[in-house]
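The lines below spell out each chain.
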Amino acid sequence: AFAFGCSDTDDIRLHYSSAKEYTRNKKTGNIEKVDNSVGDRVEIIICDIKSYIPAMNYMVAFNKKEEIICYWDEPTITMDYENHECHTIIQENWSKNIIPNVVLSSATLPHIDELNETISDFRSRFDDVSIHEIVSYDCKKSIPIINREGYIEMPHYLFNDYNKIQGIVDHCQKFKSLLRYTDLNEAVKFIIYINQHKEYITNERYYLENQFTSFDTVTMASIKLYYLELLGHLNSDYWETIYDYITKTREKKMISNINIVTTDAYTLTDGPTIFLADNMDKIAQFYIQNAGIPDRVLKDIMTAIESNTKINEKISVMEKDLEDGNKKDEHKEKKMIEGRVDPQMKTLMNKIEQLRGQVKSVMLPSCFVPNTIDHIHKYAKNYKNNDDDDVTHKVSNDNYSTPYTSDISEYNVEQIMLIDDINDSWKLLLMMGIGVFATHKSDRYTEIMKALAQEQKLYLIIATTDYIYGTNYQFCHGYISKDLGKMSQEKCIQAMGRVGRNKLQHDYSIRFRENELLIKLFQEETNKPEIINMNKLFNSF
């Protein structure tokens, strides 16, 4: 069953497979009307937080509450805000909940020892409470973090103070999900260097040969765990020497990491990229400017967009007239059965079709669409395709996979052109393969963007951080904007978790436009808003 936007149980709707009492259409045999109040067959009900209480009461009416599980997905949503409209709803849901079996599921859920108030409250309300914590981490992929300067960032590069390094090690051991973002190649280089100088290591048990006694023990996870263990057991007297060497021999991964639509585009490989920002208008305008589209091309495009907007306004008026005319026609259904159309309505329909035919096709020259062949020839001086000897390397050790480009059809562009209540910038960005996920006036634009994202047809998605929760689109690369420097640690990890859900062999990266947030990611954070709010809101007192 489904409960979305429900104020009481009468608003809940059953899936047809759950319907017990219903009527069928005599002609087609299809289910026509369902009695949604009979939920004997409902095994699962999916609801939003606004509808939780009605959904809970509905399920309890047909099941013993002790046999029901409340599975709360992503309970940390909005917990990074000091105040949010959802907070009152969340607290009410928790306070009125009568189901004794609750699962809180999130990649950034606070640890059990950080939720004492929530747990104590739950124990006070239900008998024989048993609390279980399940913590997992993924080391099957190596997703490097790229800092603002274009270097791969790792714990051992962050501080020349070894006490701070040990604090990072402790934090990473507590939150092993961060191992996903330690680059395997960088970890191996560090391990080899340290083991070439045994005096740097505090105890021989941490020597490489004592950690890996057979090939069977060598896995990505074991290497990363050993890297962390080794980093935490170095002789502090040598750290200055170590730090001096590793920073001087450090190599850039990329020359820059901001020119997404021009010279850096070829580094975005294998799949779509997500760019998370607060001020999306600013980001959008920057990339339109960065694309370097000539004024005459922009002028022609904007002229076409304006023309299409006017046509669309006329179409909207005529479609309303058509709809109003059909409503007034008492014999509409009979005419439709007989294949007859009112002459005035037919004329109106023809005019609408004629206007649609006047919509101008608007497509950017391919040299401005990131990672098309023409674009690579124009901008990617660092990229060399095996089949293209004309494009030369600037950095000889680059080893990128296939540059990823968009697949926006003329039909997709025409659909967007006909939407009159979105910014013209969004239309221009779409032609470059870039979609913007924000609070738009147009539901139609959002629907089209979601479909293109689901089908992996967009090159880049620009979105706010609230877009990240529950988003399962497959991204290979991610950007975190400068204006998100104050984002909470947990929300940052949620943002990073959008990247790397594809195949194991792809290249991945997460690129920070501000190093301060990156450094904060690997350190113990006090007064976490998620912990404070969860203990406050997941509490009936």
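Our subject is the structure that appears above.
Scoring rules and cut-offs
- Position numbers for residues start from 1 in each chain and track the written sequence from start to end.
- Under the rules for a predicted model, residues below a pLDDT of 70 receive no local features and side-chain atom pairs below 80 are neither given nor counted, while totals for whole chains, interfaces and linings still include all residues.
- No hydrogens and no water enter the side-chain calculation; it runs on all heavy atoms of the structure.
- The secondary structure listing takes helices from DSSP runs of H or I that are at least 4 residues long and strands from runs of E that are at least 2 residues long, numbered from the N terminus.
- Exposure is judged per residue with a 1.4 Å probe applied to protein chains only, and the accessible area is read against the type maximum: over 50% gives exposed, under 20% gives buried, and values in between give partly exposed.
- Accessible surface area values rest on a Shrake-Rupley calculation with a 1.4 Å probe, where residue burial reflects the displayed protein chains alone.
- Among buried residues, the Ala, Val, Leu, Ile, Met, Phe, Trp, Tyr and Cys ones that are joined through side-chain atoms within 4.5 Å form a nonpolar core.
- Only heavy atoms enter the contact rule, under which two residues are in contact if any of them lie within 4.5 Å.
- The criterion for an aromatic pair is that two Phe, Tyr or Trp rings (for Trp, the six-membered ring) have centres within 6.5 Å, with stacked assigned to planes under 30 degrees apart, edge-to-face to planes over 60 apart and tilted to the rest.
- Charge over a ring is defined by NZ of Lys or CZ of Arg lying within 6 Å of the ring centre and within 35 degrees of the ring normal.
- Arc, as used here, means the arc of the directions from the helix axis to the C-beta atoms.
- Here a strand pair is declared whenever DSSP counts at least two bridges between the two strands.
- Any carboxyl oxygen of Asp or Glu within 4 Å of a side-chain nitrogen of Lys or Arg constitutes a salt bridge here.
- Axis geometry follows a simple rule: fit a line to the C-alpha atoms, using only the stretch in contact for helices, then measure angles between N-to-C directions, giving values from 0 to 180 degrees.
- When an angle is under 35 degrees it counts as roughly parallel; over 145 it counts as roughly antiparallel; between 65 and 115 it counts as roughly perpendicular; any other value is oblique.
- Left-handed describes a crossing whose near helix is turned anticlockwise from the far helix by less than a right angle; the clockwise case is right-handed.
- Amino acids are sorted into nonpolar (Ala, Val, Leu, Ile, Met, Phe, Trp, Tyr, Cys and Pro), charged (Asp, Glu, Lys and Arg) and polar (every other residue, Gly among them).
- Note on handedness: a crossover is taken as right-handed if, strands pointing away from the viewer, the path from the first strand over the helix to the second is clockwise.
- All tallies of charge rest on Lys and Arg as positive and Asp and Glu as negative; His and the ends of each chain are not included.
- Each polar contact in these results corresponds to two N or O atoms within 3.5 Å; when the atoms are within protein, one needs to be able to donate a hydrogen and the other to accept it, and residues that are neighboring in sequence are counted only if both atoms are side-chain atoms.

S.K.: Account for the overall build of the chain, with residues named and values stated.
M.R.: Helix and strand content of the chain: 19 helices and 13 strands. With the C-alpha coordinates aligned to their principal axes, the bounding extent of the chain is approximately 95 × 75 × 40 Å. Burial statistics for the chain: of 541 residues in total, 48% are counted as buried. Just so you have it, the chain exposes about 28,600 Å², and 48% of that area is on carbon and sulfur atoms.

S.K.: Summarise the nonpolar core; cite the residues concerned and give the values.
M.R.: In this structure, Leu-234, Trp-239, Ile-480 and Phe-512 are the most contacted members of the largest nonpolar core, which totals 112 residues. Element by element, the count of residues in this core is highest for helix α7 (residues 220-231), at six residues. Residues contacting Leu-234, with those up to four places away along its chain left out, are Tyr-162, Phe-190, Ile-194, Tyr-200, Ile-201, Thr-202, Trp-239 and Ile-242. Of all hydrophobic cores here, the second largest spans 19 residues; its members include Leu-14, Ile-31, Val-42 and Ile-68.

S.K.: Run through the environment of Ser-7, naming residues and quoting values.
M.R.: Position of Ser-7 among the secondary structure elements: in the loop between β1 (2-3) and β2 (22-24). Taking the C-alpha atoms as reference, Ser-7 lies 47 Å from Pro-370; in sequence the two are 363 residues apart.

S.K.: Lay out the packing of aromatic side chains with the relevant residues and their values.
M.R.: Summed over the entire model, instances satisfying the criterion amount to 16 aromatic pairs. Ring centres of Trp-94 and Phe-122 lie 5.8 Å apart, and the angle between their planes is 45 degrees; on these two criteria the pair is classed as tilted. Taken together, the positions of Trp-94 in helix α2 (residues 85-96) and Phe-122 in helix α3 (residues 116-125) put the pair 28 residues apart, joining distant regions of the chain. The pair Trp-94 / Phe-122 is uniform in exposure class, with both members buried. A centroid spacing of 5.9 Å and a plane angle of 75 degrees characterise the contact between Phe-275 and Tyr-287, whose relative ring orientation is edge-to-face. Taken together, the residues Phe-275 in strand β9 (residues 273-276) and Tyr-287 in helix α9 (residues 280-290) connect sequence positions 12 residues apart. Take Phe-275 and Tyr-287: they sit in the same class, and that class is buried. Its guanidinium or amino end placed over the ring of Tyr-207, Lys-198 lies 4.5 Å from that ring's centre, counting from NZ or CZ. One cation-aromatic arrangement involves Arg-250 over Tyr-157; the distance from NZ or CZ to the ring centre is 3.9 Å.

S.K.: Outline the side chain of Glu-490, supporting the account with residue identities and numerical values.
M.R.: Structurally, Glu-490 can be placed in helix α17 (residues 489-496). The contact partners of Glu-490, leaving out residues within four places of it in the chain, are Thr-108, Glu-525, Lys-528 and Glu-530.

S.K.: Tell me what's going on with α3, and back it up with residues and numbers.
M.R.: Among all positions of α3, only Thr-118, Ile-119, Asp-121 and Phe-122 are buried. Angular distribution of buried residues about the axis of α3 spans 160 degrees; they occupy a single face of the element. Residues of α3 that are buried make contact with α2, β6 (101-105) and α19 (529-537).

S.K.: Describe the sheet that holds strand β7 (residues 145-146), listing the residues and the values that go with them.
M.R.: Taking strand neighbours across the sheet as the criterion, the seven strands line up as β8-β7-β13-β12-β9-β11-β10 in an open arrangement whose pairing is mixed. One side of each edge strand has no neighbouring strand; the edge strands of this open sheet are β8 (152-153) and β10 (434-437). As paired strands, β7 and β8 are joined by two bridges and run antiparallel to one another. Bridge pairing links Ile-145 to Glu-153 in β8.

S.K.: Account for the pattern of salt bridges, with residues named and values stated.
M.R.: The tally for this structure, following the rule as stated, stands at 15 salt bridges. Taking the shortest distance from any N to any O, the salt bridge between Glu-186 and Lys-189 comes out at 3.5 Å. Within this pair, Glu-186 and its partner Lys-189 are both found in helix α5 (residues 184-195), separated by three residues, close to a single helical turn. A relative accessible area of 6% places Glu-186 in the buried class.

S.K.: Break down α2 for me, citing the residues and quoting the values.
M.R.: Within α2, the full set of buried residues consists of Cys-86, His-87, Ile-90, Asn-93 and Trp-94. Down the axis of α2, the smallest arc covering the buried residues is 130 degrees, so these residues share one side. Opposite the packed face of α2, turned more than 90 degrees from it, sit the exposed residues Glu-85 and Thr-88. Elements that come into contact with the buried residues of α2 comprise α1 (52-62), β5 (69-73), β6, α3 and α19.

S.K.: Give a description of the packing of α5 against helix α8 (residues 239-248) that names residues and reports values.
M.R.: Helices that pack against each other are described as a pair by the angle of their axes relative to one another and the distance between those axes. Running from amino to carboxyl end, α5 crosses α8 at an angle of 135 degrees, the nearest separation of the two axes being 12 Å. Taken together, α5 and α8 sit at an angle that is classed as oblique. Both α5 and α8 take part in a crossing whose hand is right-handed. Of the residues in α8, those in contact with Phe-190, Tyr-193 and Ile-194 of α5 are Trp-239, Thr-241, Ile-242, Tyr-245 and Ile-246. Of the residues contributing to the contact of α5 with α8, the split by class is seven nonpolar, one polar and no charged.

S.K.: Could you give an account of the pairing of β5, with specific residues and numbers?
M.R.: Along β5, the buried face is formed by Cys-70 and Trp-72; none of Ile-69, Tyr-71 and Asp-73, which line the opposite face, is buried. Pairing analysis gives five bridges linking β5 to β6, with the strands arranged parallel. By the bridge assignment for β6, Trp-72 is matched with Leu-104. Handedness of the β5-α2-β6 crossover: right-handed.

S.K.: Account for the side chain of Arg-513, naming residues and giving values.
M.R.: Here Arg-513 shows up in the loop between β13 (509-512) and α18 (515-521). Although Arg-513 is buried, it forms no salt bridge, and the closest oppositely charged side chain is Glu-149 at an N-O distance of 7.7 Å. A polar atom in the side chain of Arg-513 sits 3.0 Å from the side chain of Asn-257. In contact with Arg-513, other than residues within four places in its own chain, are Arg-148, Asn-257, Ile-258, Tyr-479, Ile-480, Ser-481 and Lys-482.

S.K.: Mind laying out the pairing of strand β11 (residues 460-463), listing which residues take part and the relevant values?
M.R.: Where burial is concerned, the two faces of β11 agree: the one with Leu-460 and Ile-462 and the one with Ile-461 and Ala-463 are both buried. Bridge analysis of β10 against β11 gives four bridges, and the strand direction is parallel. Of the residues in β11, the one forming a bridge with Gly-435 is Ile-461.

S.K.: Describe the packing of α5 against α7, with residues and values.
M.R.: The contact between α5 and α7 brings their axes to 10 Å, and the two run at 50 degrees. The angle between α5 and α7 falls in the class oblique. For the pair α5 and α7, the sense of crossing is left-handed. On the side of α5, the interface is formed by Leu-184, Ala-187, Val-188, Phe-190, Ile-191, Ile-194 and Asn-195, while α7 contributes Met-220, Ile-223, Lys-224, Tyr-226, Tyr-227, Leu-230 and Leu-231. Per-class residue counts for the contact of α5 with α7 are 12 nonpolar, one polar and one charged.

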